[in-house]
Amino acid sequence: MNLTAAALALAFLAGPAAAQKNGDPVTLASAVAAAVKNSPAALAAEQDIIIARQRVHEARFMALPQLSLSGTLSRLSLEYPAILGAELGDRYVDPAAGDAFYSLRAQALQPLYTGGKNTNTLKLAKTAHNQAKVNFEAARADAALAAKKSFYALLYRGRALEAASYWQARARGLASALPGDAFEQLEASVLLSGLADKARHAEGELETARTGLLKAMNREPGYAAEPEGRFEVLPVDSDVSRSLVTAMESRPELKSELYKAQMDDIAVNMAMVKRYPTIYLGASYDLNAYKFSSLADSSERSGSWLASIAIHFPLSYDIWTQVQQRRAQQRQGELKRSERQDGIRFEIVAAHKEADARRREAAQLGDELAAMKAAYDEAARKARPSMSALRALCALADLEQRQLAAVYSQLLARVKLEWAQGRDFDR
């Protein structure tokens, strides 16, 4: 009986296993690398870094002289003097000039003092650049988390299918040797149907998990992925206090909140800038002529230059209202940061408790399963096939599924803890 059951189990497992091993091997590290590399959110966040970097360059340009070169050609028919608008150069034109007027102007404007506006704008751009980097890290971490969950789900579903197929094949061999009456045969058929249903369900869950891994890796649906890894409980090499310290140093969301705090400070300073004057130094040089060819002849053209310093004193009614708004927003940011820190603490504590509870549960179920398997095999060698043996076999199949689910839950809790503290454990 034992040889028959073993032969049936091997024959049953050979077909599905051979069909499933045709895909490309995917390890946890390769799955995470592919997910991070192909994540649309991470790629979009990477472009945000480029945009923020260019804005830093733009902010630096604000402290440099603003240069302009302009030229105008005017056809005239005037009865009295006219002044060209700002877009045409702010030039005075006399009716005695004739029917044409040509002018070239080179102009430079240098901000000498802006009340800290340019400095704060540069600081704001640099902080936004750093925040873009943190957002990129957060997107990569989310992509890695999804890949880890999908990888372990595929490992779990594959192992569950193997276990269900093994117990189904072994139950068939046992049921075929039962000498019972019609009712016992009916009960055996019902039990076999239940095992077959669990195997079909496990197969469907396996394909769903495979699709989930492909989605996390952003691979085409037809890509054949075969996970490579050991499905077992992994230790958590950290305690709660150590994970909390790691999270405060590494969690991208906390880094982002720190940069938001800096941006709130800068926003308050920017609101205060309206109280201060701005000082500009400007210079320009004009060449004017009534013929285009005269622009090259110094005797027929006129040239003029000017240099000036301008001081602007702002007179605004909303200076203090803007300051109060920015300070209120700054306080809101502080409250949000405190709430985020508390949330991370609870996440880490909950993940530690979950991982520890599932580890103990998986260990206990594993010991019970090993002992009961050994006892069942010992009893099967001594006793004849019976309905009691078949019912015990079905109970063992359920126990192994519970043990696999506990291992899977522990791995998920460990993955969530890695994400919560912002750093992976050493494997």
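Predicted model, so just to flag it, every value in this text is computed and none were measured. (Residues numbered from 1 in each chain as written. Predicted model: local features only at pLDDT ≥ 70, side-chain atom pairs only at ≥ 80, totals over all residues. Heavy atoms only, no water.)

1. A short note on the nonpolar core
Inference 1: Core analysis: the biggest nonpolar cluster contains 56 residues, and Phe151, Tyr152, Phe231, Tyr376, Leu390 and Leu393 have the highest contact counts within it.
Inference 2: Only helix H2 (28-38), helix H4 (117-176), helix H5 (182-217), helix H8 (319-382) and helix H9 (387-421) provide two or more residues apiece to this core.
Inference 3: With 16 residues, H4 is the largest single contributor of residues to this core.
Inference 4: Ignoring anything within four residues of it in the chain, the contact list for Phe231 reads Tyr152, Leu155, Tyr156, Arg159, Leu404, Val407, Tyr408 and Leu411.
Inference 5: Leu254, Ile344, Ala351 and Leu417 belong to the second largest nonpolar core, which has eight residues in total. (Core = buried A, V, L, I, M, F, W, Y, C linked by side-chain atoms within 4.5 Å. Buried < 20%, exposed > 50% of the residue type's maximum accessible area, 1.4 Å probe, protein only. Helix = DSSP H or I, 4+ residues; strand = E, 2+ residues; numbered from the N terminus. Contact = heavy atoms within 4.5 Å.)

2. Looking at the environment of Ser293
Inference 1: Relative to the assigned elements, Ser293 resides in the loop between strand S7 (278-289) and strand S8 (302-312).
Inference 2: Taking the C-alpha atoms as reference points, Ser293 and Tyr156, separated by 137 residues in sequence, lie 86 Å from one another.

3. Re H5
Inference 1: Its 36 residues place the ends of H5 52 Å apart at the C-alpha level, agreeing with the 52 Å of an ideal helix rising 1.5 Å per residue.
Inference 2: All of the buried residues in H5 are Ala188, Leu195, Ala196, Ala199, Ala202, Leu206, Ala209, Arg210, Leu213, Leu214, Ala216 and Met217. (Expected span 1.5 Å × (residues − 1).)

4. Let's talk about the layout of surface pockets
Inference 1: Put simply, the largest pocket is a space of about 360 Å³.
Inference 2: In terms of lining, the largest pocket is formed by 21 residues, of which the most central are Glu137, Arg140, Ala141, Gly422 and Arg423.
Inference 3: Of all the secondary structure elements, the ones that give two or more residues to the lining of the largest pocket are H2, H4, helix H7 (252-272) and H9.
Inference 4: A class-by-class count of the residues in the lining of the largest pocket yields nine nonpolar, two polar and ten charged. (1 Å grid on protein atoms, 1.4 Å probe; cavity = no way out; pocket = protein on both sides within 12 Å on 5 of 7 lines; lining within 4 Å. Points joined across faces, edges and corners; volume = space filled by probe spheres on them. Nonpolar A, V, L, I, M, F, W, Y, C, P; charged D, E, K, R; others polar.)

5. Focus on the sheet that holds S7
Inference 1: Read from one edge of the open sheet, four strands run S2-S5-S7-S8, paired in antiparallel fashion. Edge positions in the sheet fall to strand S2 (66-75) and S8, since each has one partner strand and no second. Pairwise comparison of adjacent strand axes, ignoring direction, gives a mean angle of 15° for this sheet.
Inference 2: Here strand S5 (residues 100-113) runs beside S7; their pairing, made up of eleven bridges, is antiparallel. Within the sheet, the bridge partner assigned to Tyr113 lies in S7 and is Ile279. (Pairing = 2+ DSSP bridges. Axes fitted to C-alpha atoms, helices over the stretch in contact; angles between N-to-C directions.)

6. As for the pattern of salt bridges
Inference 1: Evaluation of the coordinates by the stated rule reveals 26 salt bridges.
Inference 2: Where Arg230 meets Glu232, a salt bridge forms, and the shortest distance between an N and an O atom there is 3.1 Å. (Salt bridge = Lys/Arg side-chain N within 4 Å of Asp/Glu carboxyl O.)

7. So, H9
Inference 1: Over its 35 residues, H9 runs 51 Å from end to end, which matches the ideal 51 Å to within 8%, given 1.5 Å per residue.
Inference 2: Of the residues one or two after H9, Gly422 is the one with positive phi, at around 80°.

8. Focus: the packing of helix H6 (residues 240-250) against H7
Inference 1: Their axes nearest at 6 Å, the elements H6 and H7 cross at an angle of 50°. On the basis of their axis angle, the class for H6 and H7 is oblique. Residues Ala247, Met248, Glu249 and Ser250 of H6 touch H7, and the partners they reach there are Pro252, Leu254 and Lys255.
Inference 2: Each residue belonging to the contact of H6 with H7 can be placed in one class, and the counts come to four nonpolar, one polar and two charged. (Parallel < 35°, antiparallel > 145°, perpendicular 65-115°, else oblique.)

9. Structural notes on the confidence of the model for the chain
Inference 1: When pLDDT is averaged along the chain, the result is 85; 94% of the residues meet or exceed 70.
Inference 2: For the chain, per-element mean pLDDT is lowest for helix H1 (residues 2-20), which scores 41, and highest for helix H3 (residues 40-61), which scores 94. (pLDDT = per-residue confidence, 0-100.)

10. Considerations on the environment of Glu207
Inference 1: Along the polypeptide, Glu207 turns up in helix H5.
Inference 2: Judged by its relative accessible area of 42%, Glu207 is partly exposed.
Inference 3: Each C-alpha atom of the pair Glu207 and Pro252 lies 33 Å from the other, and the pair is 45 residues apart in sequence.

11. Observations regarding a nonpolar patch on the surface
Inference 1: Together, Leu112, Tyr113, Tyr276, Leu281, Ile309, Ile311 and Phe313 make up an exposed nonpolar region whose accessible area comes to about 710 Å².
Inference 2: Mapped by element, the contributors of at least two residues to the nonpolar patch are S5 and S8.
Inference 3: Tracing the backbone through its elements, the reader meets Phe313 in the loop between S8 and H8.
Inference 4: Among the residues examined, Phe313 registers a relative accessible area of 61% and is labelled exposed. (Patch = residues over 30% accessible without salt bridge, like charges linked within 9 Å, V, L, I, M, F, W, Y side chains within 5 Å. Areas by Shrake-Rupley, 256 points an atom, 1.4 Å probe, with all protein chains shown as cover.)

12. What to know about the side chain of Gln403
Inference 1: Positionally, Gln403 belongs in helix H9.
Inference 2: Look at Gln403 and you get buried, because its relative accessible area is 15%.
Inference 3: Discounting chain neighbours no more than four positions away, the residues touching Gln403 are Ala362, Leu365 and Gly366.

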